[in-house]
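Residues per chain are reported as follows:
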Amino acid sequence: MSERNLITLNGQDVEFTAGETVLEVAARHGLEIPTLCHDPRLDPAGACRTCLVEIEGWRRMPPSCATKAMPGMVVSTESERIARHRETLLSLYLTDHTQDRTEAESYGPDQLFEMADRYGAEQDWGAMETVRAARPGDRNPYVHFHPESCIVCARCVRYCEEVEGVSAITLAGRGSKTTIATVDELSLLDTTCEMCGGCIDVCPTGAMAEKMPITRTARPERELEKVRSTCNYCGVGCQVDLNVDTAANDGAGRVVKVTSPPAGTTTNDGNLCVKGRFAYDFVEHPERIQVPLVRGADGELRAASWDEALERAAAGLLGVKERHGADSLGFISSSRCTMEENYLMQKLSRGVFGTNNIHQCAAT
Amino acid sequence: MSEKRRAEIPERLEREGGLTPGAARRVARATGVPEAEVYGVGSFFHLLADHEHPVRVCTGLSCRLAGADGVLATARAAGLPVTECTCLAACDEAPAVLKERSVLPSVRPEDVERAAGDWQRLTASTLPQDGPWRGTVGPPRTDPDQLVFDLLGPQDLSGSAYEKALGLDLAEMLELLETSGLQGRGGAGFPAHIKWRTVSEQEETERYVVLNADEGEPGTFKDRELLLRRPDLVIEGLAIAAATVGARDVFLYLRGEFADPWQSLERHLAEAEERDLFSGIQFHLHAGQGAYICGEESALLEALEGRRGMPRLRPPFPAQVGLWGKPTLVHNVETIACLPAIVHRGGTWFRELGRDEAGTSLYCISGHVKEPGVYELPLGVTLDELVEAAGGYVGTLLAFSPGGASSGFLPASERTRPLSFGALAKAGSMLGSSGVVVLNDTVDLAWAVREQLRFFEEESCGQCAPCRIGTRYLRESVDHHRHGTAAEPLGKVADAAWQMNEGSICGLGQAAALPLTSALKHFPEAFGLEPTSDGDAP
Ligand SMILES: Cc1cc2nc3c(=O)[nH]c(=O)nc-3n(C[C@H](O)[C@H](O)[C@H](O)COP(=O)(O)O)c2cc1C
Ligand code: SF4
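Residues numbered from 1 in each chain as written. Chains lettered and ligands numbered in written order. Predicted model: local features only at pLDDT ≥ 70, side-chain atom pairs only at ≥ 80, totals over all residues. Heavy atoms only, no water.

Visitor: I'd like to hear about the overall build of chain A, residue by residue, with values.
Guide: Per the secondary structure count, chain A includes 10 helices and 15 strands. Taken over the C-alpha trace, chain A has a radius of gyration of 27 Å; the compact-globule value for 364 residues is 21 Å, which it surpasses by more than 25%. On the principal axes, the C-alpha backbone points of chain A span a range of 85 × 60 × 40 Å. Scored against the burial criterion, the 364 residues of chain A give a buried share of 47%. Taken as a whole, chain A presents about 18,200 Å² of accessible surface, with 53% of it coming from carbon and sulfur. One way to put it: in chain A the 38 positive side-chain charges average out to a point 3 Å from where the 53 negative ones average out. (Helix = DSSP H or I, 4+ residues; strand = E, 2+ residues; numbered from the N terminus. Rg over C-alpha atoms; globule rule 2.2 N^0.38 Å. Buried < 20%, exposed > 50% of the residue type's maximum accessible area, 1.4 Å probe, protein only. Areas by Shrake-Rupley, 256 points an atom, 1.4 Å probe, with all protein chains shown as cover. Lys, Arg positive; Asp, Glu negative; His and termini not counted. Charge placed at Lys NZ, Arg CZ, Asp CG, Glu CD.)

Visitor: Could you give me a rundown of the domain arrangement of chain A, with the residues and numbers involved?
Guide: Here the domain parsing of chain A yields domain 1 (6-78), domain 2 (121-215), domain 3 (221-284) and domain 4 (325-364). Once you take the C-alpha centre of each, domain 2 of chain A and domain 4 of chain A turn out to be 44 Å apart. (Domains from an automatic or database assignment.)

Visitor: I'd love a proper account of the pattern of salt bridges, names of residues and values included.
Guide: All names here are of chain B. For the coordinates displayed, the defined rule picks out 67 salt bridges over all chains. Arginine 101 serves as the salt-bridge partner of glutamate 14, at 3.6 Å between the closest nitrogen and oxygen. Remark: arginine 101 occurs in the loop between strand S3 (97-99) and strand S4 (102-104) and glutamate 14 occurs in helix H2 (residues 9-15); sequence separation between them is 87 residues. Residues aspartate 92 and arginine 224 are paired through a salt bridge, measuring 2.6 Å at the closest nitrogen-oxygen approach. Residue aspartate 92 is located in the loop between strand S2 (82-85) and S3, and its partner arginine 224 is located in helix H12 (residues 222-229); the two are separated by 132 residues in the primary sequence. The same class applies to aspartate 92 as to arginine 224, namely buried. Overlapping salt bridges, with partners in common, bring together Arg64, Asp69, Glu84, Arg450, Glu451, Arg454, Glu457, Arg475 and Asp479 in one network. (Salt bridge = Lys/Arg side-chain N within 4 Å of Asp/Glu carboxyl O.)

Visitor: So what's going on with the side chain of serine 420 of chain B? Residues and values would help.
Guide: Residue and element names in this part refer to chain B. Considering the arrangement of structural elements, one finds serine 420 in the loop between strand S13 (410-411) and helix H20 (421-426). Among the polar contacts made by the side chain of serine 420, one reaches the main-chain amide nitrogen of alanine 423 at a distance of 3.3 Å. With near-sequence residues (within four places) excluded, serine 420 lies in contact with Asp356, Glu357, Leu379, Gly380 and Leu431. (Polar contact = N/O pair within 3.5 Å; in protein donor to acceptor, adjacent residues only side chain to side chain. Contact = heavy atoms within 4.5 Å.)

Visitor: An account of the interface of chain A and chain B is requested, with residue identities and associated values reported.
Guide: With 47 residues of chain A in contact, the opposing surface of chain B contributes 49 residues. Buried surface at the junction of chain A and chain B, both sides included, amounts to about 3,800 Å², of which 54% is carbon and sulfur. Summed over the shared surface of chain A and chain B, the number is six salt bridges. We note a salt bridge from glutamate 122 of chain A to lysine 492 of chain B, for which the minimum N-O separation is 2.8 Å. At the surface where chain A touches chain B, the tally comes to 25 residue pairs in polar contact (both at pLDDT 80 or more). Elements represented by at least two residues in the side of chain A that touches chain B include exactly helix H2 (80-95) and strand S6 (170-172) of chain A. (Buried area = accessible area lost by both parts, 1.4 Å probe.)

Visitor: Lay out the domain arrangement of chain B with the relevant residues and their values.
Guide: Residue and element names in this part refer to chain B. Each domain of chain B was delimited in the assignment, giving domain 1 (3-49), domain 2 (55-121), domain 3 (149-350), domain 4 (354-440) and domain 5 (445-527). The C-alpha-based centres of domain 2 and domain 5 are spaced at 27 Å. Taken together, the seven residues of domain 2 in the interface contact eight residues of domain 5. Its largest share of buried area at the contact with domain 5, domain 2 owes to Leu61, Arg64 and Thr86, together 76% of the area lost on that side.

Visitor: Provide a residue-level description of the sheet that holds S4 of chain B, including the pertinent values.
Guide: Residues and elements named next belong to chain B. Sheet architecture is open: four strands sit in the order S2-S1-S3-S4, paired in mixed fashion. Taken across any chain shown, the strands that pair with only one partner, and hence form the sheet edges, are S2 and S4. Pairs of neighbouring strands in the sheet enclose a mean axial angle of 30°, with direction left out of account. Here three bridges tie S3 to S4, and the two strands are oriented antiparallel to one another. Opposite leucine 98, over in S4, you have valine 103 as the bridge partner. Packing of helix H7 (residues 68-77) onto the sheet brings it into contact with strand S1 (55-58), S2 and S3, and relative to S2 it is tilted by some 160°. (Pairing = 2+ DSSP bridges. Axes fitted to C-alpha atoms, helices over the stretch in contact; angles between N-to-C directions.)

Visitor: So what's going on with the pairing of strand S6 (residues 207-213) of chain B? Which residues, and what values?
Guide: Residue and element names in this part refer to chain B. Among the seven residues of S6, seven are classified as buried, and the element is accordingly described as predominantly covered. Side chains of S6 alternate between two faces, with Arg207, Val209, Leu211 and Ala213 and Tyr208, Val210 and Asn212 buried alike. Here S6 pairs with strand S7 (residues 247-254) via seven bridges, running parallel. Within S7, the position partnered with asparagine 212 by the bridge is tyrosine 253. Relative to strand S9 (residues 328-332), S6 runs parallel, the two being bridged by five bridges. The residue of S9 that forms the bridge with leucine 211 is histidine 331.

Visitor: Report on the packing of aromatic side chains, specifying residues and quantitative values.
Guide: Across all of its chains, the model carries 13 aromatic pairs over all chains by this definition. Ring geometry for tyrosine 208 of chain B and phenylalanine 251 of chain B: centres 5.6 Å apart, planes at 85°, overall edge-to-face. Of the two residues, tyrosine 208 of chain B sits in strand S6 while phenylalanine 251 of chain B sits in strand S7, which places them 43 residues apart along the sequence. Residues tyrosine 208 of chain B and phenylalanine 251 of chain B agree in their burial class; the two are buried. Clustering of aromatic rings is evident, with ring pairs tying together Tyr162, Phe278 and Phe283 of chain B. Note that arginine 174 of chain A overlies the ring of phenylalanine 44 of chain B, its terminal NZ or CZ placed 5.6 Å from the centroid. Above the face of the tryptophan 349 of chain B ring, arginine 345 of chain B is positioned so that its terminal group lies 4.9 Å from the ring centre. (Phe/Tyr/Trp six-rings, centres within 6.5 Å; stacked < 30°, edge-to-face > 60°. Lys NZ or Arg CZ within 6 Å of the ring centre and 35° of its normal.)

Visitor: For a negative patch on the surface, give the residues involved together with the corresponding values.
Guide: Residue and element names in this part refer to chain B. A surface patch of negative charge is lined by Asp169, Glu172, Glu175 and Glu178. Checked against the element boundaries, glutamate 175 lands in helix H10 (residues 170-180). Overall, the relative accessible area of 55% leaves glutamate 175 in the exposed class. (Patch = residues over 30% accessible without salt bridge, like charges linked within 9 Å, V, L, I, M, F, W, Y side chains within 5 Å.)

Visitor: Tell me about the nonpolar core, and please be specific about residues and values.
Guide: Grouped together as the largest cluster of nonpolar side chains are 129 residues, with contacts concentrated most on Tyr93, Ile180 and Met208 of chain A together with Phe45, Ile293, Leu474 and Leu516 of chain B. The element contributing the most residues to this core is helix H21 (residues 445-459) of chain B, with eight residues. When sequence neighbours within four positions are dropped, the list of residues in contact with phenylalanine 45 of chain B reads Arg174 of chain A together with Tyr253, Gln289, Gly290, Ala291, Cys294, Ala303, Arg307 and Gly309 of chain B. Grouped together as the second largest cluster of nonpolar side chains are 62 residues, Tyr162, Ala213, Leu254 and Ala272 of chain B included. (Core = buried A, V, L, I, M, F, W, Y, C linked by side-chain atoms within 4.5 Å.)

Visitor: Please give an account of helix H11 (residues 192-201) of chain B that cites residues and values.
Guide: Residue and element names in this part refer to chain B. For H11, the full list of buried residues reads Ala192, His193, Lys195, Trp196, Val199 and Ser200. One face of H11 carries all of its buried residues, which in axial projection span an arc of 160°. Where H11 is buried, its residues contact H10, S6, helix H13 (231-245), helix H15 (297-304), S9 and helix H17 (339-345). (Arc of directions from axis to C-beta.)

Visitor: Describe the environment of cysteine 196 of chain A, and please don't skip the residues or the numbers.
Guide: Residues and elements named next belong to chain A. Within the secondary structure, cysteine 196 sits in the loop between strand S7 (179-181) and helix H6 (198-202). Here the alpha-carbon distance between cysteine 196 and isoleucine 55, two residues 141 residues apart in the chain, equals 39 Å. Not counting residues up to four positions away in its chain, the partners in contact with cysteine 196 are Tyr159, Glu164, Leu272, Cys273, Val274, Arg277 and Phe278.

Visitor: Report on the site of ligand 1, specifying residues and quantitative values.
Guide: Residues and elements named next belong to chain B. Taken together, the neighbourhood of ligand 1 is formed by 19 residues, with Gly186, Lys195, His331, Asn332 and Thr335 sitting nearest. Measuring from an oxygen atom of ligand 1, one finds a side-chain N or O atom of lysine 195 at 2.9 Å. In the model, an oxygen atom of ligand 1 is placed 2.9 Å from a nitrogen or oxygen of the asparagine 212 side chain. In the complex, 89% of the free accessible area of ligand 1, which totals 610 Å², lies under the protein chains. Elements represented by at least two residues in the shell around ligand 1 include exactly S9 and helix H24 (507-511). Class assignment of the residues belonging to the shell around ligand 1 gives a composition of four nonpolar, nine polar and six charged. (Near = heavy atom within 4 Å. Nonpolar A, V, L, I, M, F, W, Y, C, P; charged D, E, K, R; others polar.)

As structure tokens, this is what we get:
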């Protein structure tokens, strides 16, 4: 007879499915356990130590992220011991962290400060100078490493390896000097890095940060307005959050950063590529075409309405078909189009104009 | 990329002369492991990461007490490519100096001067002309029948214990071990028979035996003497273990500074092979690359696999999921070396050798005693008895560490407590690897504490915050206290120590605060504090 999959969680019997971790079971039951190094896309590391819980019969508090629920386990996520653990751990973390919250948040959201507030950790244990090496000469345009904010949770390193399969960065050195490095401390540009910026996204403290907003001294991320949009660089349809500084451009607003929605909430699962994450500056480019243009009799382009522009294009195409036959037309769609748009394009080609000359630039 | 190629990373980097520019890239190409990962591995190990200093002076506690600072200063003044290093497992021959991968014993400033600025010429005047140097061992060999290791006795190349063990079935062997009461001598004192049983019971039939010869706990140097003097016991013990748990491959992980013990083992393995003593068992020698934490068994397995030596989360334990995911029996050199005698003479004989616990122990003693060395004595002798064997105290006893840096400091009043796992645990300390360091009343204990804290700070793997940050925080706090550079510098150390013990992943971080907390408890006056009524740390 199979045992029922039940554990006792803070005094209540709850069910779990085989393979679930204590952290996952607790989350399903609305219990908050703090984490810093955890990411649902990665193998648990159990290294940040924030998620320790008590299990009856276990002398030491295990990390809930890496502990599988087992029938009969009696788990507590709140106790005097756990509270003291969280407070002292977070206080200790802060001694090895930049003390300047404003500066820290100019790099990105800093969950360590937020967590210290939430769990009432004292912030008066003193401060130590950072001994983690930076990579000052790295000329890559996108990713900045700020060792003063780094808590060495290795999420960036593990993400780079386990999700991207790139392994451009590593934990290097050891002890208090452990840092995030590239091979021979080279610029990311000279490594296998693909500049996806996932390291920035997974960093809980802004130690991996985006260079562009820093150099433009944008406001902290929590003061920006997030506008959900679809990346238009390819047909995958990744969801992006445009981070808008609404006060910029005299109140017209400006996109100062792109972030990915949290893992597990959209099809791209928190991932983006270099274009989706970093290539948003065109939005503000002075030569960006924002309305349809048609050529006048004088040969110059002028602004037009969509109706006028489409009519002009249709008339031109129909004229060619009349004069030279349908197969004198060819249709090429862009790899930036979605599958649905590509489908419509071939329908236009075959059904409307009557030619099989249809191609898409991503086809080989 | 095969996992076996990854395992070659440390050795390939060693052959590159360490982590020189470009080396990681070349090794990455040869092994198929991403170059950043190779770099991460190389940067973890001191002997690889610091390739610019072929000479390293040990600045561990015993070596500093014996004049390491003078040796270091002389070497620096002479322009030698020299740096400091943590314990070299030669506290009995302090101060010790590492030259490439060999340890020079009892080096004096005059030795350094004689090298005349050429590090290749550096040598120790105590070095014997023929063969490797050895430390003092004792007591005199009056009754070999009462000795397990018999360090002064002849080597046994008969393989007869192995033959006898082959005649026992698994249940008989486990029962023999259980009767013997053998406990692991690497630090934890865990009953050996339980580990053997666990490995034997795993469904997976590919299993390994690993010898932990990474001896790095400050104050400990017994494995060195065993490997130099009785490699026969070690190899035969490993063969017995392998045959019992069904392993064909045995991995011997020696710390990288053990060039002499390595040669001793190699010579003995060649001899054993010639005599075909242990056919069917493959012995693989692996060199560590300079990392105390790789003595922790799961970190050792990571290092063997060619990764950064960061301890694994437990459970699962190595006996269940070990090297390359296979059940693995990891033992300390001394534990393994007990096996031939246990097989020959029986479990009861072994158990009755000890006082409150089973067997004899190889006690290492250094610091303020007349004859530092390794002494085989019944498990559970007192400090006074041990020191008597070592020629007596030098000066007046102030404090002692009974089991390496991790065991903290005990006051002189504990000199009659049995030096055994159980008795020391009751005193909030531990026997650990039985590396006893004696301090007399000329020592500033706050300074000694600081030195031990610095060791853990240097050797923390850096994986988890309580240890990575806490070891440094405690050392800086003591520095602030000693130099008066902060208000209430010790105000949070009790909380930090509590956090390190509760929050750390492995034994290093869990024990690293002990030198400070034990000193605050037993020697508050060393920190200018009043003793509290219950004797607890403030
Ligand atoms: C920080 C740390 C360092 C250790 N160093 C050593 C060592 O140098 N040698 C050793 O045999 N065991 C060492 N150990 C203990 C090992 O983890 C392990 O318990 C031991 O090798 C098991 O063998 P045993 O049962 O024979 O003692 C260390 C443990 C810790 C936590
Ligand atoms: S306790 Fe220290 S040595 Fe052990 S895993 Fe944590 S950081 Fe590494």
